[in-house]
Amino acid sequence: MAGRHGVRLAAVALCLLASAARADPPPTPEAGHFRGGSIAWTSLGGNEVEFEILSSWRRSHNGHYLHGSPAMGQIFIGDEVTVGGQSSPRLLFGDDSFAYLVVKVTDYSEADDWFSGVYRVNHSYSNPNQGWRNTTSQYGEVFVTQGSPWEAAFTGCCRLPNLINAAGEAWSLEAPIDLVQISGMPSLRSKDMMALARTALPTPVCPIPGKAFGAMGGCAKLHFSGIKCGEQTAEVGEIGTLLASKAEPVVNGLEVYPDGTVQMACQSGCLAAGLYSIGIKLGFGTVKSIQVTNDGNGTCAVGTWPLTVTCPGAPAFKALCLAAGGGHAAGSYTVAANGKVSGVTLSSQGSGYLYGPSFASGACPRAAFAPVLLQTELNVVVHVQDRHYCYETTDPTIPKPEKPCNPDNPLIVYTGAVLPQMHLTSFPGIGAGWDPVRKAATPVVTGFLPSVTSFASGAAGQAAAGHVAAYAGYPVKVTFSAEVNWCQAADTTLTAAKMADARCRVREAGVSLSYGPMPPNAHYSFVQPDAITDLLITYDNPFASHRPGQEHAVDRMARDFANHPGAEQAAQMGYERVDANLNSGNGGASVYLWFKRFDAASNNTDQAAITHINVSTTGPEEETLASRGFQKLPGNINEQAGGNEVYIWYKKASGIVSFEESRPLQAGFEVAVTNISVVSSTAAVVPVGAGCNASTTNCSDINPYALGRQGLGNLWTKVDGNLNAGLQNPLLIYYHKALSNPVEQTVEWTPCACDAGRHMWCVAAQSTSASADGYGRATGPMRCVAVDVVADVLPIFALPPADSSILFFMGQERR
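Residues numbered from 1 in each chain as written. Predicted model: local features only at pLDDT ≥ 70, side-chain atom pairs only at ≥ 80, totals over all residues. Heavy atoms only, no water.

Colleague: I would appreciate a short explanation of unusual backbone geometry in the present structure.
Modeller: Cis geometry marks the peptide bond from Cys157 to Cys158, where omega comes out at 25 degrees. Relative to the elements of secondary structure, Cys158 occurs in the loop between strand S12 (150–157) and strand S13 (170–177). Here Glu248 and Pro249 are connected by a cis peptide whose omega angle stands at -5 degrees. Relative to the helices and strands, Pro249 is located in the loop between strand S19 (242–247) and strand S20 (254–256). Phi is positive for Ala166, which is not a glycine, with a value near 55 degrees. Relative to the helices and strands, Ala166 is located in the loop between S12 and S13. Residue class for Ala166 comes out buried when judged on its relative accessible area of 13%. A positive phi angle, near 55 degrees, is found at Asn297, a position not held by glycine. For Asn297, the location among the structural elements is in the loop between strand S23 (290–295) and strand S24 (303–310). (Helix = DSSP H or I, 4+ residues; strand = E, 2+ residues; numbered from the N terminus. Buried < 20%, exposed > 50% of the residue type's maximum accessible area, 1.4 Å probe, protein only.)

Below is the structure:
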């Protein structure tokens, strides 16, 4: 449908001077940058509409602007980016006005070179629709539409240049608007980039609940939600609800089911590995308006005649159309005295499946009718990836027929990139704390399913891999876990036995989690076993008085005055010492830095990990660090040695990280510090950590040089600031940040009253290892958990009889 608005762009451009919006970003001849997006809208009353555009872009593209200046790839969460391009992306409202796209960034990846965001804008129309409209085509044909909708669209150029299909092409995502017929169309809540696995025989089956469950080939499930408070996940896939189908660009070999399931049909061979752009329509299951495509040209008999539905189309669509009553009278049409169709009236029964029906006109064979598609469109990127498989050989350079990935077989090796997988325990059944009495006292939303079967129940379940119950006003927590595991089965499931077998984990790979659109006030807690959670300074010297050429002694009184524990106490509290005296050669106290790691045995997932370290050597530097959210570690590094007062500062950002307010290295969370080292500024090399050294090219380090491009000098982050400022022997502190395998992350969200309903949280695991096709990181299948929010019961006061106790019921507390 990319060409429908091409003729109108010249006319629209004339409105530029009349538009009081932003200046047109200059056209950019550089290769394309559009990854995918969707257009949604909701009625605000009257003829006013709120639009929501979700979109994802190449981050390094030179057409992006921040505050009027080129972004130069420096785009972070919270930024408002004016998106440019060869043809600047814009939202056409359909009434000869438009707006340029200014995206508020919600997510980005430096390693994979993309960012995603949202653009929201309100627009007022002169009428609820365009009314009765006559349109003449270039061939002189006259099309008559009764209740013609406003033709809104999200358009621009160009798509990514490395797509296998539609590379570098323009796009147009359309959303016809008729405020008489409908009050809005929902927005995408799944990830806009899906990974589908392909492999040698046996081809993996679809493990995702949905219409393709159990079918051969990789799959993903799209979910949608209204954009207005109180309008949660939309029902998709049944007559009377919204239905999904293919749109431009179409990819042969990718099937789109009415419930939003996208499947790579592999019966006759899977698609080649790489990136594909696919279009999807989401529209109502019954036609609400009919277009007269031929009025009969004066050949029709005067009168009112029945309009009958027929059901052509693909088998799945035809079946839905027939189930809706194909062959029934959809309504009637009226022929005027001139022998031309003058009007159409729909019956209350409707006219069947939106994308399937045609209309038999009966008494006037030359008259023709077509449904007006009240829909919305979206584009998503599908990354088809080769997944690993195991074989048995004494020569690992010669792949053999696939064998079970059994770590007990010494001849078993694997080939290909291992795709990370979510643990099944990440997608639970009914959430803890679910109160059936209180739930029964509160009317639930349509479609709420308080009972749930296994995630493998397919379409008979609840179209989600898990289910969590929540109450408005109370926090709900979901912990997602994932790992890169080479022993996983060919159907991409990860069993408990393989999860527990450490031999199955790919040691050189780290894991992170990537989310679809999430609630703006959700917080993320990232837990990794080797994360550093606490720092400590000790002052120690074993001598009561110093010897010639040795450090000045600091007696117990001085240490107690400094209010710091000694080395013995630090070790007893579980701290590890950085093996370097921070005052070496300068006299004064012997100063040591200690750190404590995440205590997995405590089962406390709220332990906040340290994510940033800094140093201050002056008062103004202290003020600056404090204003940036850093905390000062008590203890002057130059204690009793003279020189500047030097302090170490740290930030605990990964314990409570806001998805929209922080600026993380990866989507949704900050990566924790896992190691600290102190070296002389004159040292020939910087420190290296276990598994990360000069010869390691796939270390699980998260930095701009990840994906095997890092060298010895950038595995660690150097902190600016001399620990011995004002003295001799300058010292520098380095810290290391790394992802772990496996990984856990807890998402906490407190819904409000208008959030009652079903919310879909979609997540996929990503490895630090590059995918086999060389584009981006190896990514596992997207899975979604349903979070069902029930409005909490209002407080109740019961007046008791005399001499009785008074009971108060307020929220979850009973007194």
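There's more to say after this.
Colleague: How should the environment of Asn581 be read in this particular structure?
Modeller: Here Asn581 shows up in the loop between strand S38 (576–577) and strand S39 (591–597). Taking the C-alpha atoms as reference points, Asn581 and Tyr592, 11 residues apart in sequence, are found 5.4 Å from one another.

Colleague: Looking at this structure, how should I read the packing of aromatic side chains?
Modeller: Each pair of aromatic rings is reported with the distance of its centres and the angle of its planes. Across all of its chains, the model carries 14 aromatic pairs by this definition. On the basis of an interplanar angle of 20 degrees and a centroid distance of 5.2 Å, the ring pair of Tyr125 and Trp150 is categorised as stacked. Here Tyr125, found in the loop between strand S9 (114–124) and strand S10 (133–136), pairs with Trp150, found in strand S12; they are 25 residues apart in sequence, far enough to count as distant. Summarising the burial analysis for this pair, Tyr125 and Trp150 share the class buried. Relative to Trp486, the ring of Tyr414 has its centre 5.7 Å away and its plane inclined at 20 degrees; by these criteria the two rings are stacked. With a gap of 72 residues between them, Tyr414 in strand S31 (residues 412–415) and Trp486 in the loop between strand S34 (476–483) and helix H4 (496–500) connect regions that are remote in the sequence. Judged by relative accessible area, Tyr414 falls into the partly exposed class, the value being 30%. Judged by its relative accessible area of 12%, Trp486 falls in the buried class. In textbook terms, an aromatic cluster arises when at least three aromatic residues are bridged by ring pairs, as seen for Phe34, Trp57, Phe154 and Trp171. Positioned above the aromatic ring of Tyr592, the side-chain terminus of Arg577 is 4.0 Å from the ring centre. (Phe/Tyr/Trp six-rings, centres within 6.5 Å; stacked < 30°, edge-to-face > 60°. Lys NZ or Arg CZ within 6 Å of the ring centre and 35° of its normal.)

Colleague: When you look at the state of the cysteines in this model, what are you seeing that I'm missing?
Modeller: What we call a disulfide is simply a covalent bond connecting the sulfur atoms of a pair of cysteines. One pass over the structure, following the stated rule, counts 7 disulfides. In this model Cys229 forms its disulfide with Cys754; the gap between the sulfur atoms is 1.6 Å. Taken together, the residues span a long stretch of sequence, with Cys229 in the loop between strand S18 (224–225) and S19 and Cys754 in the loop between strand S47 (743–749) and strand S48 (757–770) at a distance of 525 residues. The disulfide partner of Cys762 is Cys784, and the gap between their sulfur atoms is 2.1 Å. (Disulfide = S-S within 2.5 Å.)

Colleague: For this particular structure, what's the right way to read the sheet that holds strand S37 (residues 532–539)?
Modeller: Paired through their backbone hydrogen bonds, the strands of a sheet run either parallel or antiparallel. Taken together, the 3 strands give an open sheet; going across it, the order is S37-S39-S38, and neighbouring strands pair in antiparallel fashion. Looking at the sheet topology across the chains shown, the edges are occupied by S37 and S38. Looking at chain direction, S38 and S39 are connected through 2 bridges and run antiparallel. Note on S39: the bridge partner recorded for Arg577 is Trp594. (Pairing = 2+ DSSP bridges.)

Colleague: Sorry, what's going on with the sheet that holds S20 here?
Modeller: With respect to topology, 3 strands assemble into an open sheet ordered S17-S21-S20, the strand pairing being antiparallel. Edge strands, defined here as strands with exactly one partner in the open sheet, are strand S17 (219–221) and S20. When strand polarity is set aside, the average angle formed by the axes of neighbouring strands in this sheet is 15 degrees. In this structure, S17 lies alongside strand S21 (residues 261–264), joined through 3 bridges in antiparallel fashion. Counted as the bridge partner of Lys221 is Thr261 from S21. (Axes fitted to C-alpha atoms, helices over the stretch in contact; angles between N-to-C directions.)

Coordinates in, geometry out; function isn't part of it.
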